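Summary of structural features
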Amino acid sequence: MHGEHYVRHMARQRGLAAVVVRLFNVIGPGETNPHLLPEILAQLIAGHRRISLGNLTARRDYIHVDDAARGFRAAALAGAVAPGESVTVNLGTGEAYAVGEILSYLRRIGGADFTVETDPARLRAVDRPVLAADIARIRELFGWSPRHTIDTALADLWERPDLPPHLTAKYRPVPAVRPAARAPIAELLTPAS
């Protein structure tokens, strides 16, 4: 929120037209943010068939990366914000999906067979039950609305996960360390000739 106040202040002070975009959970190829979907995919890519997650009841708004890019473009180029003014818009789909729904979609899309367990270490101390964008303002001011459904967003992510190494490294199987071969104790005690 502090950043939003700063943008509004600078717009007034400098006579700029400003748009503050509140972005919701972006999903799709090139994912870099360690939230629910990259966590699931990273574990599956590593061969895990038991997925460890936090809160399974939270409902979140997920937006396809292409829709997010289009939304930023619209906010930057398509609206008429007067100089010295600023507006704030939400960039999401307006639909919230529970973790269980996301898991069902992934099982159906990818044909993956896996189980899920709640890991108490992954539970947040404070976790809002539902976060969904109200996209009426971005639609009204900039003519933007999402084109992709949750199905297409998840299918694109499944087909081209493109997760960076820092997200997948923690789930890679660690090779077993073999102790160095030891000579039989009798050989160690026999004086060298």
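Summary of the structure given here.

**Examining the environment of Arg-108**
With respect to the element layout, Arg-108 can be found in helix H4 (residues 99–110). Residues Arg-108 and Ala-155 lie 47 residues apart in sequence; the distance between their C-alpha atoms is 9.8 Å.

**Let's talk about the side chain of Thr-93**
Here Thr-93 shows up in the loop between strand E6 (86–91) and strand E7 (97–98). Using a relative accessible area of 15% as the deciding quantity, one classes Thr-93 as buried. A distance of 2.8 Å separates the side chain of Thr-93 from the side chain of Asp-61, its partner in a polar contact. Sequence-distant contacts of Thr-93, that is, excluding residues within four places in its chain, are made with Asp-61, Tyr-62, Ile-63, Ile-135 and Pro-146.

**Notes on the nonpolar core**
Formed by 26 residues in total, the largest nonpolar core has its most connected members in Ile-27, Leu-37, Ile-40, Tyr-62, Ile-102, Ile-150 and Leu-154. Contributions of two or more residues to this core are made by helix H2 (36–45), strand E3 (50–53), H4 and helix H6 (150–159). Residue contributions to this core peak at 6 residues, all from H2. Setting aside anything within four residues of it in sequence, one finds Ile-102 in contact with Leu-36, Leu-37, Tyr-62, Tyr-97, Ile-150 and Leu-154.

**A closer look at the packing of H4 against H6**
Viewed as axis vectors pointing N to C, H4 and H6 meet at an angle of 60°, and their least axial separation amounts to 10 Å. The angle between H4 and H6 places the two elements in the oblique class. Classified by chirality, the crossing of H6 by H4 is right-handed. For the pair H4 and H6, the contacting residues are Ile-102, Tyr-105, Leu-106, Arg-108, Ile-109 and Gly-110 in the first and Ile-150, Asp-151, Leu-154, Ala-155 and Trp-158 in the second.

**Some words on the packing of aromatic side chains**
Following the criterion strictly, the structure yields 1 aromatic pair and no others. Seen from their ring centres, Tyr-97 and Tyr-105 are 6.2 Å apart, and the 75° between their planes marks the pair as edge-to-face. Residue classification places Tyr-97 among the buried residues on the basis of a relative accessible area of 15%. Using a relative accessible area of 19% as the deciding quantity, one classes Tyr-105 as buried.

**Quick notes on the pattern of salt bridges**
Counted by the stated rule, this structure contains 10 salt bridges. Residue Glu-101 is joined to Arg-59 by a salt bridge in which the shortest nitrogen-to-oxygen separation is 3.1 Å. One end of the pair, Glu-101, is in helix H4; the other, Arg-59, is in strand E4 (residues 59–60), and 42 residues separate them in sequence. Residue classification places Glu-101 among the partly exposed residues on the basis of a relative accessible area of 31%. Asp-151 is the partner of Arg-108 in a salt bridge, and the nearest nitrogen-oxygen pair spans 3.1 Å. Pair noted here: Arg-108 is in helix H4 and Asp-151 is in helix H6, with a separation of 43 residues, a long-range link. You can call Asp-151 partly exposed: its relative accessible area is 30%.

**A closer look at H4**
With 12 residues, H4 should reach 16 Å at 1.5 Å per residue; the first-to-last C-alpha distance of 16 Å fits that figure. Regarding H4, the residues found buried are Val-99, Ile-102, Leu-103, Tyr-105 and Leu-106. Each buried residue of H4 sits inside an arc of 160° when the element is viewed along its axis, so together they form one side. The secondary structure elements touched by the buried residues of H4 are H2, E3, strand E5 (62–64), E7, strand E8 (115–118) and H6. One or two steps after H4, the chain reaches Gly-111, where phi turns positive at roughly 65°.

**Considering the sheet that holds E7**
Pairing is mixed across the open sheet formed by 3 strands, whose spatial order is E7-E4-E9. In the strand order of this sheet, the two ends are held by E7 and strand E9 (130–131), each with one partner. The pairing of E4 with E7 spans 2 bridges and is antiparallel. Paired with Arg-59 across the bridge in E7 is Ala-98.

Cut-off values and rules
Residues numbered from 1 in each chain as written. Predicted model: local features only at pLDDT ≥ 70, side-chain atom pairs only at ≥ 80, totals over all residues. Heavy atoms only, no water. Helix = DSSP H or I, 4+ residues; strand = E, 2+ residues; numbered from the N terminus. Buried < 20%, exposed > 50% of the residue type's maximum accessible area, 1.4 Å probe, protein only. Polar contact = N/O pair within 3.5 Å; in protein donor to acceptor, adjacent residues only side chain to side chain. Contact = heavy atoms within 4.5 Å. Core = buried A, V, L, I, M, F, W, Y, C linked by side-chain atoms within 4.5 Å. Axes fitted to C-alpha atoms, helices over the stretch in contact; angles between N-to-C directions. Parallel < 35°, antiparallel > 145°, perpendicular 65-115°, else oblique. Left-handed = near helix turned anticlockwise from the far one by under 90°. Phe/Tyr/Trp six-rings, centres within 6.5 Å; stacked < 30°, edge-to-face > 60°. Salt bridge = Lys/Arg side-chain N within 4 Å of Asp/Glu carboxyl O. Expected span 1.5 Å × (residues − 1). Arc of directions from axis to C-beta. Pairing = 2+ DSSP bridges.

The quantities given are spatial measurements derived from coordinates; they are silent on function.
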